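Per-entry structural report
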Amino acid sequence: MANLIFDTLMRPWRKSENVFLYLQDGETIRYSTFFGRVARYANLVTELGLEPGDRLAAQVGKSPETLALYLGCIQAGVVFLPLNTAYTPAEVSYFVEDSGARVLVCDTTCQKGLMPIAQACNAQLMTLNEDGSGSLPAQASLQRADAPVVARNDDDLAALLYTSGTTGRSKGAMLSHRNLTSNARVLKELWQFEDRDVLMHALPIYHTHGLFVATFVTLAAGGSMVFLPKFNLDAMCSFLPQATSMMGVPTFYTRLLDDPRFTADLTKNMRLFISGSAPLLAETHRQFEDRTGHRILERYGMTETNMSTSNPYDGERRAGTVGFPLPGVETRITAPETGELLPDGEIGVLEVRGDNVFNGYWNMPEKTREELRENGFFITGDLVQKDEDGYIQIVGRGKDLIISGGFNIYPKEVEQVLDDQPGVLETAVVGVPHPDFGETVVAVIARTSDDVVDLEQLKEAVTAKLAKFKHPRKYVVIDALPRNTMGKVQKNALRDEYKNLFMQ
Ligand code: MCA
Ligand code: AMP
């Protein structure tokens, strides 16, 4: 027994004096110092009573301390459960209860709101603020800077990441040491990361993209990161000249292109720009190449599968496609209704199998069986087509999902909140094109025959229950939702009707 993530991604650099993190305030943190911090957190979570396999939930800002806490959990065999900082207490409550987390870490400003939740779930509440203060780091400072490495099986869980579902109930994706390590190794090789790489990291670290892809690929190579608290054009423009690579969602790229300071000169030290989490418009791809001379490398993944496909590093990076299956990852395309294998060239659902594919959904054996076949193929719900050269193109979604600035929103969750409000007969929540976020949320509401819908009351209910990024940016009240002859709401008709709401 070993601890695969620790042995592969952490142990080799424990004593290294190379810089691991460049921070926005100009400070740098060396690997050796950082891993001392990691060990202190490993000791602390053990002292708090967490045993291997227990969950620690963290709704905290992005900082080196957060990263050290995460890796400290790995070293101590504890399962890390990161939560979007935008989630409301109502949302956090579900995650803590469902996961049975024994410790919940939050920002001091959220402590009062989350205390009743922690008490109800029997979880210890600790604080960790973005500036490195709080009860957790204070206690970690009292710990020793070396710690035992707790042995785990390769299939034991390292992290639990919740993804929303079409039914409106979030599902905890169980990610193992094997899942995360295999993906990091493959991507490091494919994208040719080395210890001299400096990755521009402006993504949040509560999702796969920022937490695993960006951070673990850097660790697999022993490289460095410019570790910004969030996407910030001023900071990016000042740090880009020292970076060699960047990972971002399409909104990062459109925002950079909209800024006149973003020139070829700023990117002259760069070797690689990677995009994912949402579709990158072919037009953005072209504009980016015109401006900088770099062709963005687009890849594709999911919380449940980590990364599954990528455009090539050396070959042609084809705009509008997500490239080829990664080494060690098998893909197939099947008919949505029957699951039968389709011939090349036809549109169908992408299925994925390999070490990258998760262990299943936490406490949801039936959901797991629905989406993860016995033969190991995971049904992604993304509709794809292979072109004549084998490049995979995502042509649509078989699932009712909106992706706004890289964040996923399942309409059902918003519809359930709206449907409960007085005067509302039913609602249809759809995604429409948005110039900044790619897609945004529109709520179409059918009122009951004689009631008046109070929009302010509706918005209040949404604010109380749902994270800001899920809020509809437009509410439309109509008499009846359009339906087809089978009685099914025609969301396509609504998407079409409102497609120009936010576009000039
Ligand atoms: C912020 N807001 C948003 C979003 N982000 N609304 C909708 N969609 C969003 N994505 C809200 C803010 O609360 C604010 O509200 C208003 O919109 C404008 O905020 P702004 O300052 O413009 O936004 P920001 O703070 O700059 O954030 C935009 C962002 C950020 C940089 C695009 O959302 C981001 O970092 N996205 C990356 C998400 C990500 O990492 N996804 C990967 C998931 P108000 O002004 O009213 O207060 S992993 C994944 O998908 C798979 C596995 C994969 O393949 O990677
Ligand atoms: P999640 O697992 O919640 O992080 O979201 C995964 C979903 O993001 C996938 O099922 C896709 O629909 C979408 N996605 C990720 N990468 C891409 C991409 N490069 N192009 C289009 N959609 C993407």
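Anything mentioned here points back to the structure above.
Below: a short report on this structure. Everything numeric here is computed off the predicted structure, so don't read it as measured data.

Residues in contact with ligand 2 amount to 17 residues; listed here are only the nearest, Arg-299, Thr-303, Asp-382, Lys-399 and Asn-408. Here ligand 2, which alone exposes 500 Å², has 89% of that area covered by the protein. Elements with a minimum of two residues in the shell around ligand 2: β13 (297-302) and β19 (392-397). A total of five residues in the shell around ligand 2 trace back to one element, the largest contributor, which is β13. Of the residues belonging to the shell around ligand 2, the class tally is seven nonpolar, four polar and six charged.

The next subject is the nonpolar core. Counting 112 residues, the largest nonpolar core has Phe-34, Leu-56, Leu-69, Leu-71, Phe-216 and Met-247 as its most contacted members. Excluding residues within four positions of it along the chain, Leu-71 makes contact with Met-10, Phe-34, Phe-35, Val-38, Phe-216 and Leu-219. With 42 residues, the next largest nonpolar core counts Ala-101, Val-417, Ala-467 and Phe-469 among its residues.

Within the secondary structure, Arg-332 is located in strand β16 (residues 330-334). Through-space distance from the C-alpha of Arg-332 to that of Val-352 is 6.7 Å; in sequence the pair is 20 residues apart. Those residues within four positions of Arg-332 in sequence are excluded, and the remaining contacts are Leu-341, Val-349, Leu-350, Glu-351, Arg-373, Asn-375 and Phe-377.

What follows concerns the sheet that holds strand β22 (residues 424-434). Strand order in the open sheet made by the three strands is β22-β23-β24, with mixed pairing throughout. A strand with exactly one partner marks an edge of an open sheet, and here the two such strands are β22 and β24 (474-478). Taking the axes of each pair of neighbouring strands and ignoring which way they run, one obtains an average angle of 25° across the sheet. In this structure, strand β23 (residues 438-447) lies alongside β24, joined through five bridges in parallel fashion. Residue pairing across strands places Ala-443 opposite Tyr-475, the latter belonging to β24. Contacts between helix α13 (residues 411-419) and the sheet are confined to β22, β23 and β24, with β22 contributing the most and set at about 145° to the helix. Contacts between helix α14 (residues 455-465) and the sheet are confined to β22, β23 and β24, with β24 contributing the most and set at about 130° to the helix.

Tracing the backbone through its elements, the reader meets Arg-318 in the loop between β14 (306-310) and β15 (324-325). Polar side-chain contacts of Arg-318 include one of 2.9 Å to the side chain of Asp-387. The residues contacting Arg-318, other than those within four sequence positions of it, are Arg-295, Asn-311, Asp-387, Asp-389 and Tyr-391.

It is worth spelling out the site of ligand 1 at this point. Around ligand 1 sit 25 residues, and of these Arg-255, Ser-277, Arg-299, Ser-404 and Lys-468 come closest. Within the side chain of Arg-255, one N or O atom sits 2.8 Å away from an oxygen atom of ligand 1. The separation between an oxygen atom of ligand 1 and a polar side-chain atom of Ser-277 is 2.6 Å. Burial of ligand 1 by the surrounding chains reaches 75%, relative to a free accessible area of 1000 Å². Elements with a contribution of two residues or more to the shell around ligand 1: α8 (208-221), α10 (250-257) and β13.

Rules used throughout
- Residues numbered from 1 in each chain as written.
- Chains lettered and ligands numbered in written order.
- Predicted model: local features only at pLDDT ≥ 70, side-chain atom pairs only at ≥ 80, totals over all residues.
- Heavy atoms only, no water.
- Near = heavy atom within 4 Å.
- Areas by Shrake-Rupley, 256 points an atom, 1.4 Å probe, with all protein chains shown as cover.
- Helix = DSSP H or I, 4+ residues; strand = E, 2+ residues; numbered from the N terminus.
- Nonpolar A, V, L, I, M, F, W, Y, C, P; charged D, E, K, R; others polar.
- Core = buried A, V, L, I, M, F, W, Y, C linked by side-chain atoms within 4.5 Å.
- Buried < 20%, exposed > 50% of the residue type's maximum accessible area, 1.4 Å probe, protein only.
- Contact = heavy atoms within 4.5 Å.
- Pairing = 2+ DSSP bridges.
- Axes fitted to C-alpha atoms, helices over the stretch in contact; angles between N-to-C directions.
- Polar contact = N/O pair within 3.5 Å; in protein donor to acceptor, adjacent residues only side chain to side chain.

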